[in-house]
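Fold and contact review
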Amino acid sequence: MDIPLYKMIMNKTIKNKIFLLILIWGVVNSLFGKNINLEVCFPEGINLQRLSVYFDNGRLDKHITPVIKNNKWILTDSFFDCYATISFYYWRENDKGFVKGYKFWISEKPAKIIFNPKLKSLDNPFTESNTVNAISHNELYKKKVDVDIQQARLQIDRFLYQNIDSFDIQPQRREKFQTMVDSLALVDLKMISMHPNDYYFLYYYFDYVVLVRNSISAKEELEFFRNTFPNSLKLTQLGFNIENTLKSRINSKKGSESPSFKVLDINKKEFSSSNLKGKYILLDFWASWCLPCLQLTPKIQELREKYPENKLEIISISLDTEFASFSRALKKTNTSYVHVFGNQEIVKNYAVGPIPQYILIDPSGKVIYNKEQEQDTNIVKLQSLLMNLIKVE
């Protein structure tokens with residue numbers, strides 16, 4: 001039976017109104033934000049020098065130093081999405097890296113996270129917790145993600161931990177690791193497509209697919225995002241972040257024209273892509289809390305000392321949100337290239353995910369090296385490329 005024209009028009013009008021309401025809600029939510037009030041009770045005897053805490057308000061994931069009194073810490077702030085995310089990490093004694101991060105979603109309701117007051121493990125004090133109006137990511141992961149996928153991801157993590165130092169000298173291990181990652185990504189997409197209306201799987205898509213180095217192109221990931229999730233999720237702040245990240249990644253991949261930039265270094269001197277044309281530009285994205293970044297810093301300094309500034313400009317952009325932490329790390333590194341602090345725009349424009357990230361731009365403004373794309377763990381490929389491009393007298 002044919003549907004009357006007036007009903008078709010009404011149905012279309014209703015759909016348009018619903019879409020408009022969703023859009024307005026998303027814009028208002030992202031503009032004005034919501035308030036968070038969180039109390040955290042830490043275990044007794046925790047070593048604050050090994051503790052790192054991050055607060056993601058939807059727009060910015062910032063490192064914060066909690067002021068703890070009597071094992072308690074109060075966080076009051078604003079957030080701009082369905083939830084704010086608070087993350088806790090604890091450095092290993094040997095400084096090899098973080099243990100697994102423990103993340104919680106917080107809403108507008110006053111919340112509390114109580115970690116087991118008695119430390120059971122000196123290396124991992126956050127394994128047990130009780131919460132009020134806080135949602136544990138780890139519990140959600142166990143509940144929502146297929147068991148087979150959880151096991152596969154554990155195997156990948158173990159393989160990476162055991163073999164990452166040998167990737168450059170034993171490329172077959174790197175290839176095996178990448179095959180494992182790529183296979184899991186395809187399984188992830190299948191699972192996500194079965195839960196398109198669940199906000200958790202939007203988050204999962206961003207965290208476990210978009211931000212992971214797999215062989216799926218940014219263009220394919222963007223198409224999957226647009227075709228899978230409804231407008232109600234695409235118009236959240238997280239949805240905007242996914243869209244913008246993938247667009248920026250497409251623009252900053254090897255072979256693309258580099259996104260233009262203009263930055264001020266810590267001495268208030270301006271550097272811009274337009275003024276630097278005619279020389280090679282190496283962008284170095286790092287942070288004081290990133291151990292792999294600090295391990296590669298001497299190699300970047302070697303490049304600075306080897307190649308003259310009129311042929312190669314090195315601009316280091318910190319992802320730190322606390323100047324004190326950035327400044328302390330800078331004094332320890334003793335580097336002589338350009339340093340930029342507090343510029344989130346260039347970080348977003350170059351779709352920086354895992355760090356350290358290095359991008360090399362040629363004199364015409366084209367991206368000719370992207371560490372994430374090259375999977376160049378110890379920047380051996382970058383060193384070789386510069387050696388061939390810039391002749392030193």
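A short tour of the structure in this document, coming up. Remember, it's a predicted structure, so these values are computed and weren't measured experimentally.

1. A short note on the overall build of the chain
Helix and strand counts for the chain stand at 13 helices and 16 strands. Within the chain, buried positions represent 47% of all 393 residues. Taking as baseline every contact in the chain between residues at least 6 positions apart, the subset at least 24 positions apart corresponds to 69%.

2. Points about the sheet that holds strand β1 (residues 34-41)
Read across the open sheet, the four strands follow the order β4-β1-β7-β8; overall the sheet is mixed. Bordering the open sheet on either side are β4 (72-79) and β8 (129-132), each of which pairs with just one other strand. Strand-to-strand twist in this sheet, taken as the mean axis angle between neighbours without regard to direction, amounts to 15°.

3. Regarding the pattern of salt bridges
Per the counting criterion, the structure on display carries 12 salt bridges. In this structure, the salt-bridge partner of Asp-207 is Lys-103, at a minimum N-O distance of 3.6 Å. Of this pair, Asp-207 sits in helix α5 (residues 199-210) while Lys-103 sits in strand β6 (residues 102-106), and the two are 104 residues apart along the sequence. Of the residues examined, Asp-207 reaches a relative accessible area of 21% and is grouped as partly exposed.

4. Concerning the layout of surface pockets
Empty space within the second largest pocket amounts to approximately 800 Å³. Along the wall of the second largest pocket there are 24 residues; nearest its centre are Gln-49, Trp-91, Ser-288, Arg-328 and Lys-332. For the lining of the second largest pocket, the elements supplying multiple residues, two or more each, are β2 (51-56), β3 (61-64), α9 (291-306) and α10 (323-333). Considering every element that reaches the lining of the second largest pocket, the biggest residue donor is α10, with five residues. Each residue belonging to the lining of the second largest pocket can be placed in one class, and the counts come to 10 nonpolar, eight polar and six charged.

5. Re empty space enclosed by the protein
Taken as a whole, this structure holds two cavities of 30 Å³ or more when the rule is applied. In this structure, the second largest cavity spans a volume of roughly 40 Å³. Surrounding the second largest cavity, Asp-284, Trp-286, Thr-297, Ser-316, Thr-333, Thr-335, Tyr-337 and His-339 form its lining. Taken together, the residues of the lining of the second largest cavity break down into two nonpolar, five polar and one charged.

6. Comments concerning the packing of aromatic side chains
Within the structure shown, the criterion is met by 30 aromatic pairs. Taking the centre distance of 6.1 Å and the plane angle of 70° together, the rings of Trp-105 and Tyr-200 count as edge-to-face. Pair noted here: Trp-105 is in strand β6 and Tyr-200 is in helix α5, with a separation of 95 residues, a long-range link. A relative accessible area of 3% means that Tyr-200 is categorised as buried.

7. Details of helix α3 (residues 147-163)
Counting along an α-helix, one turn takes 3.6 residues, and residues three or four places apart therefore face a common direction. For α3, spanning 17 residues, the distance from its first C-alpha to its last is 24 Å, which sits close to the expected 24 Å at 1.5 Å a residue. All of the buried residues in α3 are Ile-149, Gln-150, Arg-153, Ile-156, Phe-159 and Asn-163. The elements touched by buried residues of α3 are α2 (137-144), α4 (171-193) and α5.

8. Here's the deal with the packing of α9 against helix α13 (residues 380-389)
Relative orientation of the contacting elements α9 and α13 amounts to 5°, with a least axis distance of 11 Å. Judged by the angle between their axes, α9 and α13 are roughly parallel. Contacts between α9 and α13 involve Lys-299, Leu-303 and Lys-306 from the first element and Leu-382, Gln-383, Leu-386 and Met-387 from the second. Residue composition of the contact of α9 with α13, by class: four nonpolar, one polar and two charged.

9. Some points on the environment of Leu-294
Its place among the elements puts Leu-294 in helix α9. It is 8.7 Å that separates the C-alpha atoms of Leu-294 and Pro-356, two residues lying 62 residues apart in sequence. Setting aside chain neighbours within four positions, we find Leu-294 in contact with Trp-286, Ala-287, Ser-288 and Thr-333.

10. A closer look at the pairing of strand β5 (residues 84-90)
Counting buried positions along β5 yields seven of seven residues, so the element is predominantly enclosed. In this sheet, β5 lies alongside β2 in antiparallel orientation, the contact comprising six bridges. The residue of β5 that forms the bridge with Asp-56 is Thr-85.

11. A few points about the sheet that holds strand β13 (residues 312-318)
Strand order in this open sheet of five strands is β14-β13-β12-β15-β16, and the pairing throughout is mixed. Two strands in the sheet have a free side with no partner beyond their single neighbour: β14 (338-341) and β16 (367-370). Averaged over all adjacent pairs, the angle separating strand axes in this sheet is 20°, with direction ignored. In this sheet, β16 lies alongside strand β15 (residues 357-361) in antiparallel orientation, the contact comprising three bridges.

Criteria and cut-off values
Residues numbered from 1 in each chain as written. Predicted model: local features only at pLDDT ≥ 70, side-chain atom pairs only at ≥ 80, totals over all residues. Heavy atoms only, no water. Helix = DSSP H or I, 4+ residues; strand = E, 2+ residues; numbered from the N terminus. Buried < 20%, exposed > 50% of the residue type's maximum accessible area, 1.4 Å probe, protein only. Contact = heavy atoms within 4.5 Å. Pairing = 2+ DSSP bridges. Axes fitted to C-alpha atoms, helices over the stretch in contact; angles between N-to-C directions. Salt bridge = Lys/Arg side-chain N within 4 Å of Asp/Glu carboxyl O. 1 Å grid on protein atoms, 1.4 Å probe; cavity = no way out; pocket = protein on both sides within 12 Å on 5 of 7 lines; lining within 4 Å. Points joined across faces, edges and corners; volume = space filled by probe spheres on them. Nonpolar A, V, L, I, M, F, W, Y, C, P; charged D, E, K, R; others polar. Phe/Tyr/Trp six-rings, centres within 6.5 Å; stacked < 30°, edge-to-face > 60°. Expected span 1.5 Å × (residues − 1). Parallel < 35°, antiparallel > 145°, perpendicular 65-115°, else oblique.

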